[in-house]
Structures are given as structure tokens and as C-alpha cells.
Amino acid sequence: MYYNSELLFYEPSSFSDISRLLESYSPLPDDYLKFLSITNGFRPFSEVPITGETEIFSIDEVLEINKHYDHPSMIMIACTNDDYLILDTKDVAQGMSEYMYVIEGGGCPFEFARSLYCDFQTWLDRFCMAQGNKYWTWRVEDRKI
């Protein structure tokens, strides 16, 4: 079965918007900041009924969503269906390249986030190659991909 879908890109983030984000959450990885400098948010595979809605949040959305949580280093940056994608600034500060996590099923606390063993660019590349499917559910055990 084939579905038509859209990739919705937005205007690039301004320098002042990126600075606002960095005032709240720092350090942030270069690949994520580069992404925001190209598009302030992203909706891949929009209007596809079987994959559900996916959104990489704009800077304003990141700031709004995360003000309701009090975690010293983990921030939500995207959602797909009931899964939330998390970026850990502590891992970034330690120079780690594997700083992306997922909370599956929505309302779980950050402590239940599991590593995706990758950086933001790798996560986005894999997600697009998987055509919007949650590739991280394809394995039953955690291991590096």
C-alpha cells in the first residue's frame, strides 16, 4: 500500500531564538543546533495514517514543553505517536556522541528513558530511512545498532 506524505519544514531559527534555547539548556550538540538553523521544527511524514504524527519541536515548543519538567539535563525535543525523543545535555557536556534517548509510551518519567546509542543526526537519518517507523522498537534488547 502506498501513501502520499509531506515533509513540513519551517523557517530557520534566528540567532536570538537559538541563544534563548542555549540560555535554558546548554551545552547542545552542534548537529541539533545546525538542524535548528535550517528549520525551526520539522514534521516528517505528515498525513500518513499508519505512522501517526511526528514532530521535531520548534525552539518555542521545546521551551514550553520542558518547563513542566524538572530534569537537570534531559530535554524533550521531539515526539512520534506516544514516544518522546530526549536529548541529554550531560552526555553532550561529557563529549559523548550517544546522547539521544527515547521514552516509549508517553507519560513515563525521564528515569525510564533508554538510550538510542546515537546522536541527533544519526537518529534523524535512521528515522527517515525507516520511513517514519519507530525503528527503535524493532529490537527486543538494547544494543548498539
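Residues numbered from 1 in each chain as written. Predicted model: local features only at pLDDT ≥ 70, side-chain atom pairs only at ≥ 80, totals over all residues. Heavy atoms only, no water.

Asks: Before we go on, may I ask you to explain the overall build of the protein in this structure?
Replies: Check the secondary structure of the protein and you find 5 helices and 7 strands. Shown N-terminal to C-terminal, the secondary structure of the protein runs as helices and strands in the order β-α-α-β-β-α-β-β-α-β-β-α. Residue burial in the protein is summarised as follows: out of 145 residues, 46% are buried. For the protein, long-range pairs separated by at least 24 residues make up 48% of all intrachain contacts whose partners lie at least 6 apart in sequence. Carbon and sulfur atoms make up 51% of the accessible area of the protein, which totals about 8200 Å². (Helix = DSSP H or I, 4+ residues; strand = E, 2+ residues; numbered from the N terminus. Buried < 20%, exposed > 50% of the residue type's maximum accessible area, 1.4 Å probe, protein only. Contact = heavy atoms within 4.5 Å. Areas by Shrake-Rupley, 256 points an atom, 1.4 Å probe, with all protein chains shown as cover.)

Asks: So what exactly am I meant to see when it comes to the packing of aromatic side chains here?
Replies: Aromatic rings in a pair are described by how distant their centres are and how their planes are angled relative to each other. Taken as a whole and judged by the stated rule, the model has 9 aromatic pairs. With 6.1 Å between their ring centres and 25 degrees between their planes, Phe-127 and Trp-136 make a pair best called stacked. What makes Trp-136 buried here is its relative accessible area of 4%. For the ring pair Tyr-135 and Trp-136, a centre distance of 5.2 Å and an interplane angle of 80 degrees mean the geometry is edge-to-face. The two residues Tyr-135 and Trp-136 agree in class, both being buried. Among the aromatic residues, those joined into a ring-pair cluster are Tyr-32, Phe-35, Phe-42, Phe-120, Trp-123, Phe-127, Tyr-135 and Trp-136. (Phe/Tyr/Trp six-rings, centres within 6.5 Å; stacked < 30°, edge-to-face > 60°.)

Asks: So what exactly am I meant to see when it comes to the nonpolar core here?
Replies: Across soluble globular proteins, nonpolar side chains show a tendency to be buried alongside one another. Core analysis: the biggest nonpolar cluster contains 40 residues, and Leu-21, Tyr-32, Leu-87, Met-100, Phe-120 and Trp-123 have the highest contact counts within it. Those elements that provide at least two residues to this core are α1 (15–24), α2 (30–38), α3 (59–66), β4 (74–80), β5 (83–88), β6 (100–103) and α5 (120–129). Considering each element in turn, this core owes the most residues, 6 residues, to β4. Discounting residues that sit within four places of it in the chain, Tyr-32 has contacts with Leu-21, Val-62, Ile-77, Leu-87 and Phe-120. (Core = buried A, V, L, I, M, F, W, Y, C linked by side-chain atoms within 4.5 Å.)

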